[in-house]
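# Close look at the chain arrangement
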Amino acid sequence: MDLRLTPAEAAFRDRLRSWLDATLPTLPPKPDRDDWPARRAYDTAWQRLLFDAGYAGVDWPSGHGGLGASPTEQLIFLEETAKARAPYVGANFVGLLHAGPTLIVEGTEEQRAAHLKGILRGDEVWCQGFSEPDAGSDLASLRTVAVREGEEYVINGRKVWTSHAEVADYCELLVRTDPDAPRHKGITWLILPMDAPGVTVRPLRTAVGSSEFSELILDDVRVPVANRVGAENDGWRVAMVTFSFERGTAFISDVVESRNLLAETVATARATPAPGGGTLWDDGALRRDVGVLAAEVSGLWSLIRKNVSEASAGMIPVQGASVFKLKFTENRQRIGDLAAHVLGRASLAMSGPGGHVVEDRVNTLAFTIAAGTSQIQKNILAERVLGLPKEPRWT
Ligand SMILES: Cc1cc2nc3c(=O)[nH]c(=O)nc-3n(C[C@H](O)[C@H](O)[C@H](O)COP(=O)(O)OP(=O)(O)OC[C@H]3O[C@@H](n4cnc5c(N)ncnc54)[C@H](O)[C@@H]3O)c2cc1C
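Residues numbered from 1 in each chain as written. Predicted model: local features only at pLDDT ≥ 70, side-chain atom pairs only at ≥ 80, totals over all residues. Heavy atoms only, no water.

## A look at the overall build of the chain
Helix and strand counts for the chain come out as eleven helices and eight strands. For 395 residues, the compact-globule estimate of 2.2 N^0.38 gives 21 Å, and the chain sits close to it at 22 Å. Here the chain holds 395 residues, and the buried ones make up 49% of them. For the chain, the exposed area adds up to about 18,300 Å²; of that, 55% sits on carbon and sulfur atoms. Taking the 43 positively charged and 51 negatively charged side chains of the chain as two groups, their mean positions are separated by 5 Å. (Helix = DSSP H or I, 4+ residues; strand = E, 2+ residues; numbered from the N terminus. Rg over C-alpha atoms; globule rule 2.2 N^0.38 Å. Buried < 20%, exposed > 50% of the residue type's maximum accessible area, 1.4 Å probe, protein only. Areas by Shrake-Rupley, 256 points an atom, 1.4 Å probe, with all protein chains shown as cover. Lys, Arg positive; Asp, Glu negative; His and termini not counted. Charge placed at Lys NZ, Arg CZ, Asp CG, Glu CD.)

What follows is the structure, given as structure tokens:
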């Protein structure tokens, strides 16, 4: 992919910059991280602004309400919005970055008509109900059951770590529909309306004190068979499509955020006096660490270009997705460690000028777990990409 901008792409970037310059100062302050209704309102209002300005779903095909932008335009969009520190997708993450794309690839016409526009306009917020208390890495051991009764599934079970469940309208839900089939074969992907009777959401607290995710209790919840995405018992394959979006292209803005954080760390090091005179930036070891991390960020950006390019050509970026998830999350943790080192004592408190860096660092601990742990990404790469022998099964 050639990243030199064509006149049309340069014009796209200029238009976007002008729009961001005019729009961002008009936004209200960001709500408190624990005020979920306010956070939903803020995130969906931003999404609506993007929609009205013609910037919603930049990477979605135009036939499905998106912009159908070229890979370069998508990158321009993500880079410019992240550079301008525009709001992040926030509560719209699941809908925009993987439920919507999954419906585009696997959904029925009715499902697309029912949901895609709502996701793009910010009217619909989605969450992901895959993990269970005993089914995280070993997702195929999930036990939430759905029994078909006529034109409905009746669902019973428990999900955990469901991000944004408190404010979601719909959930991409994995259920077991054939308990007798081999583990990967009896699973189905369903659209669960979160207001269905029998759905209980219990917020959980994270290390930074927010209730980013919840536990879901599903007690005789009835969902129409029309809400099934893909065939019955074919949900494992559909979930892999969802994962490839989640791991491959969904973290793009975060890479720009990594760049921002690294640049901020350098600026802090230049401005902080060193104990023996000069500034922290005079330390060669620190500069070497910054150089290594910056080189890795550049490599990740190239991989993102490849993933975006594949996704927009209708391909599913499986290999690049796992490599990216693994390397990006580890790189971000090391940037967080370096930023904390430069902050010194200030890195012990979440209040104060370095508070956002401290919060980011604590959050990055979750990055290597969420959406599949690093160990699992290594297994995927070893077994599915490199063709190495499968890990021994002990049970
Ligand atoms: C911030 C955050 C948000 C999340 N949001 C959601 C969400 O919205 N929806 C959702 O469904 N889930 C969500 N999750 C759950 C996430 O997908 C799981 O936490 C993750 O898959 C790991 O599962 P687990 O927590 O059960 O850990 P376990 O699977 O119990 O793993 C524990 C440890 O053992 C290691 N391990 C396990 N099996 C192997 C193996 N075969 N080989 C080598 N090592 C292994 C793991 O890597 C890990 O280090 C979220 C998690 C986090 C942290």
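## Regarding the site of the ligand
With respect to spatial proximity, 18 residues lie near the ligand, and among them Gln 128, Ser 131, Ser 137, Trp 161 and Thr 373 are the closest. In the complex, 66% of the free accessible area of the ligand, which totals 970 Å², lies under the protein chains. Within the residue set of the shell around the ligand, elements represented by two or more residues are strand S3 (152–163) and helix H11 (374–385). Its residues placed into classes, the shell around the ligand shows eight nonpolar, nine polar and one charged. (Near = heavy atom within 4 Å. Nonpolar A, V, L, I, M, F, W, Y, C, P; charged D, E, K, R; others polar.)

## Notes on the side chain of Glu 383
Take Glu 383: it is sitting in helix H11. We classify Glu 383 as buried; its relative accessible area is 17%. Excluding anything up to four places from it in sequence, Glu 383 contacts Leu 388, Pro 389, Lys 390, Glu 391 and Arg 393. (Contact = heavy atoms within 4.5 Å.)

## Some thoughts on the pairing of strand S7 (residues 213–224)
Where S3 lies against S7, nine bridges are found, and the strand directions are antiparallel. Across the sheet, Arg 158 pairs through a bridge with Ile 217, a residue of S7. Both strand S6 (residues 199–203) and S7 contribute to a ladder of five bridges, which runs antiparallel. Residue pairing in the sheet places Pro 203 in a bridge with Ser 214 of S7. (Pairing = 2+ DSSP bridges.)

## Thoughts on the packing of aromatic side chains
Counted by the stated rule, this structure contains nine aromatic pairs. The interplanar angle of 35 degrees and the centroid separation of 5.7 Å between the aromatic rings of Trp 19 and Trp 46 together place this pair among those described as tilted. In this pair, Trp 19 sits in helix H1 (residues 7–23) while Trp 46 sits in helix H2 (residues 36–52), placing the two residues 27 residues apart along the sequence. A single burial state applies to Trp 19 and to Trp 46, both of which are buried. Aromatic side chains Trp 161 and Phe 213 sit 5.2 Å apart centroid to centroid with 65 degrees between the ring planes, which places their arrangement in the edge-to-face category. Of this pair, Trp 161 sits in strand S3 while Phe 213 sits in strand S7, and the two are 52 residues apart along the sequence. Look at Phe 213 and you get partly exposed, because its relative accessible area is 21%. Cluster of aromatic residues (ring-pair linked, three or more members): Phe 12, Trp 19, Trp 46, Tyr 55 and Phe 77. Positioned above the aromatic ring of Phe 51 is the side chain of Arg 121, whose terminal nitrogen or guanidinium carbon lies 5.9 Å from the ring centre. The ring centre of Trp 301 lies 4.8 Å from the NZ or CZ of Arg 259, which sits over that ring. (Phe/Tyr/Trp six-rings, centres within 6.5 Å; stacked < 30°, edge-to-face > 60°. Lys NZ or Arg CZ within 6 Å of the ring centre and 35° of its normal.)

## Some thoughts on the environment of Ser 137
Checked against the element boundaries, Ser 137 lands in the loop between strand S1 (126–129) and strand S2 (145–149). Linking Ser 137 and Glu 172, residues 35 residues apart in sequence, is a C-alpha distance of 18 Å. Each residue touching Ser 137, except ones within four places of it in the same chain, is listed here: Thr 373 and Ile 376.

## Considering the nonpolar core
Core analysis: the largest hydrophobic core is formed by 42 residues, its most contacted members being Phe 77, Ile 304 and Phe 324. In terms of residue count, helix H8 (residues 284–312) provides more of this core than any other element does, nine residues in total. Formed jointly, this core draws a minimum of three residues from each of two domains, domain 1 (7–88) and domain 3 (248–386). Of all hydrophobic cores here, the second largest spans 28 residues; its members include Phe 93, Leu 116, Leu 142 and Trp 236. (Core = buried A, V, L, I, M, F, W, Y, C linked by side-chain atoms within 4.5 Å. Domains from an automatic or database assignment.)

## Section: a nonpolar patch on the surface
On the surface, a cluster of nonpolar side chains totalling about 270 Å² of accessible area is made up of Val 385, Leu 386 and Leu 388. Looking at the element boundaries, Leu 386 is found in the segment after H11. On the basis of relative accessibility, which here comes to 62%, the residue Leu 386 falls in the exposed class. (Patch = residues over 30% accessible without salt bridge, like charges linked within 9 Å, V, L, I, M, F, W, Y side chains within 5 Å. Salt bridge = Lys/Arg side-chain N within 4 Å of Asp/Glu carboxyl O.)

## Description of the domain arrangement of the chain
Domain annotation for the chain reports domain 1 (7–88), domain 2 (126–233) and domain 3 (248–386). Each of domain 1 and domain 3 has a C-alpha centre, and these two points are 23 Å apart. Contact residues are listed per partner, giving ten residues for domain 1 and 17 residues for domain 3. As a salt-bridge pair, Arg 259 and Glu 79 come within 2.6 Å of each other at their nearest N and O atoms.

## Examining unusual backbone geometry
For Arg 85, which is not a glycine, the phi torsion comes out positive at approximately 55 degrees. Locating Arg 85 in the fold gives a position in the loop between helix H3 (71–83) and helix H4 (93–106). Despite not being glycine, Ala 371 has its phi angle at roughly 60 degrees, a positive value. Mapped onto the elements, Ala 371 comes out in the loop between helix H10 (355–367) and H11.

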